[in-house]
Amino acid sequence: MDINAYDFELPEELIAQVPLLERASSKLMVLDRKEKRIDHQHFSDIKGYLHEGDCLVLNDTRVLPARLYGAKEETGGKVEVLLLHQHENDEWEVLVKPAKKVNIGTRIVFGDGKLIAECTELQEHGGRKMRFEYEGIFLEVLDSLGEMPLPPYIKEQLSDRERYQTVYAKEQGSAAAPTAGLHFTNELLDELQTSGVEIVYLTLHVGLGTFRPVSVDDVEEHEMHAEFYQLSEQAANQLNEMRKKGGRIISVGTTSTRTLETIVRDYGKFEASSGWTDIFIYPPQQLKAIDGLITNFHLPKSTLIMLVSAFAGRDFVLEAYRLAVEERYRFFSFGDAMFIF
């Protein structure tokens, strides 16, 4: 399958650079898969599409201030480090720029020596393993030195770190936000629960796959980077009970979707589990775990638009994206949303 089948024209000015002041005030495009109908709403109108007996699945991962700027201990050369996930003994998998300047044994100093990293292993695509030295609590040191790891297409500085976190972010560990969830407010979630919508939380720590483009012409040759996920026994029981009653399972974001699909493909049902997933979902695969999807508008030729196309059909999705450009929807992390059912 040719990667160009998922390309589309996107004017650069439609890439949202800053979040809206009010989370739920973004636009919402609603796609009805059965009727092939597209409606234009605002995100706060999601209440009219979710009802008693539905279950909303949210990813409660919390983004680390994972981007660090330091200097090589020997030469003073500037180095940027992006933390991806932690191994044992204060060792982390990271991305570095410029990668060719960082070899095994290279030491990088951050914040006048508050934090020092030494490269212990070389990996592909600018990846490295680094062991960190510090005094005190690592997350507190990181909080004082790190910046939020905004995607490279966002050029503006973020004045409020919490706007790149969901209001329900809890489990520290992500290198990027599960951005579909950025539209929810606590008030909106309360209203949905009052109306009978169940809320279930899972965790998937977003990692390198978010930053790695598809670099092959044949979609099937692309390899996803593994990311850590966790689903509790209570959440699994809720989801299985919802399925038994015939209720709809609505996934918020591609991260929640990939977690649910991984579990259902591995166990045949929702099962309490944790581990690493490198699942890659694209047409003509059928999604087995969800009945609806809330998601943002994604990059051309990305694995995310392929996942959405597996759920709603490539032609329908690309027509929706054409309309989104025509109607001046805002794209990507701080952009508008889509609800597909």
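Further up the page is the structure itself.
Residues numbered from 1 in each chain as written. Predicted model: local features only at pLDDT ≥ 70, side-chain atom pairs only at ≥ 80, totals over all residues. Heavy atoms only, no water.

> Hey, could you go over the overall build of the protein for me, with residue numbers and the actual values?
In terms of helices and strands, the protein carries six helices and 17 strands. Whereas a compact globule of 341 residues would reach a radius of gyration of roughly 20 Å, the protein reaches 20 Å, a difference of no more than 12%. The buried share of the protein, taken over its 341 residues, is 55%. Considering only contacts within the protein whose residues lie at least 6 apart along the sequence, 70% involve residues at least 24 apart. Of the accessible surface of the protein, which amounts to about 15700 Å², a share of 45% is contributed by carbon and sulfur atoms. With 37 positive and 55 negative side-chain charges, the protein shows a separation of 1 Å between the mean positions of the two kinds. (Helix = DSSP H or I, 4+ residues; strand = E, 2+ residues; numbered from the N terminus. Rg over C-alpha atoms; globule rule 2.2 N^0.38 Å. Buried < 20%, exposed > 50% of the residue type's maximum accessible area, 1.4 Å probe, protein only. Contact = heavy atoms within 4.5 Å. Areas by Shrake-Rupley, 256 points an atom, 1.4 Å probe, with all protein chains shown as cover. Lys, Arg positive; Asp, Glu negative; His and termini not counted. Charge placed at Lys NZ, Arg CZ, Asp CG, Glu CD.)

> How would you sum up the packing of helix α5 (residues 303–312) against helix α6 (residues 314–326)? Please name residues and give values.
Put simply, α5 and α6 touch, their axes get as near as 7 Å, and they point 120° apart. Classified by the angle their axes make, α5 and α6 are oblique. Only Arg-314, Phe-316, Val-317, Leu-318 and Tyr-321 of α6 make contact with α5, whose side of the interface consists of Ile-305, Val-308, Ser-309 and Ala-312. Class assignment for the residues of the contact of α5 with α6 results in seven nonpolar, one polar and one charged. (Axes fitted to C-alpha atoms, helices over the stretch in contact; angles between N-to-C directions. Parallel < 35°, antiparallel > 145°, perpendicular 65-115°, else oblique. Nonpolar A, V, L, I, M, F, W, Y, C, P; charged D, E, K, R; others polar.)

> Can you break down the nonpolar core residue by residue, with the values?
Grouped together as the largest cluster of nonpolar side chains are 68 residues, with contacts concentrated most on Met-29, Leu-239, Leu-260 and Phe-331. The element best represented in this core is α6, accounting for eight residues. Residues within four places of Phe-331 in sequence aside, it is in contact with Phe-8, Leu-10, Leu-14, Ile-15, Ala-16, Phe-297, His-298, Tyr-321, Ala-324 and Val-325. (Core = buried A, V, L, I, M, F, W, Y, C linked by side-chain atoms within 4.5 Å.)

> Could you give an account of the pairing of strand β3 (residues 55–59), with specific residues and numbers?
Of all five residues making up β3, five are buried, and the element is well covered by its neighbours. Direction of pairing for β3 relative to strand β12 (residues 198–204): parallel, over a ladder of five bridges. Looking at the pairing, Asn-59 lines up with Leu-202 of β12. (Pairing = 2+ DSSP bridges.)

> Tell me about the sheet that holds strand β6 (residues 78–86), and name the residues and values.
Each strand in a sheet pairs with its neighbour through backbone hydrogen bonds, running either in the same direction (parallel) or in the opposite one (antiparallel). Strand order in the closed barrel formed by six strands is β5-β6-β7-β10-β9-β8, and the pairing between neighbours is antiparallel. In this sheet, adjacent strand axes meet at a mean angle of 45° when their direction is disregarded.

> Quick rundown of empty space enclosed by the protein? Include the residues and the values.
Scanning the model with the defined rule gives two cavities of 30 Å³ or more in all. Each pocket or cavity is described by its volume, and for the largest cavity that value is around 90 Å³. Lining the largest cavity, in full, are Pro-19, Leu-20, Glu-22, Arg-23, Ser-26, Arg-163, Leu-182, His-183, Arg-330, Ser-333, Phe-334 and Gly-335. Classifying every residue of the lining of the largest cavity gives four nonpolar, four polar and four charged. Considering only enclosed or pocket space, the second largest cavity measures out at about 40 Å³ in volume. Sort the elements by how many residues they give to the lining of the second largest cavity and α5 lands first, with three residues. Among the residues making up the lining of the second largest cavity, the classes are represented as six nonpolar, one polar and one charged. (1 Å grid on protein atoms, 1.4 Å probe; cavity = no way out; pocket = protein on both sides within 12 Å on 5 of 7 lines; lining within 4 Å. Points joined across faces, edges and corners; volume = space filled by probe spheres on them.)

> Tell me about unusual backbone geometry, and please be specific about residues and values.
Leave glycine aside and you will find that most residues have negative phi; peptide bonds, for their part, are mostly trans. Residue Pro-98 is bonded to the preceding Lys-97 through a cis peptide linkage, with omega at -5°. Omega for the bond connecting Pro-283 with Pro-284 falls within 30 degrees of zero, at 5°, which places this linkage in the cis form. The phi torsion at Lys-36 lies on the positive side, around 55°, for a residue other than glycine. Within the secondary structure, Lys-36 is located in the loop between β1 (27–32) and β2 (37–42). In this structure, Asp-90 takes a positive phi of about 60° despite not being glycine.

> Describe the environment of Ser-44, and please don't skip the residues or the numbers.
Tracing the backbone through its elements, the reader meets Ser-44 in the loop between β2 and β3. The sequence separation of Ser-44 and His-183 amounts to 139 residues, and the corresponding C-alpha distance is 8.6 Å. Leave out the neighbours within four places in its chain, and Ser-44 touches Ala-24 and Leu-188.

> Lay out the sheet that holds strand β16 (residues 292–296) with the relevant residues and their values.
With respect to topology, nine strands assemble into an open sheet ordered β2-β1-β17-β16-β14-β3-β12-β13-β15, the strand pairing being mixed. Both outer strands of the open sheet, β2 and β15 (273–277), are each paired with one neighbouring strand and no more. In this sheet, adjacent strand axes meet at a mean angle of 20° when their direction is disregarded. The pairing of strand β13 (residues 227–231) with β15 spans five bridges and is classified as antiparallel. Looking at β15, one finds that Glu-227 is bridged to Thr-277. Across the sheet, helix α3 (residues 233–245) is in contact with β3, β12, β13 and β14 (249–252); its angle to β12 comes to roughly 130°. The strands touched by α6 within the sheet are β1, β2, β16 and β17 (337–340), with β1 carrying the most contacts at an inclination of about 150°.

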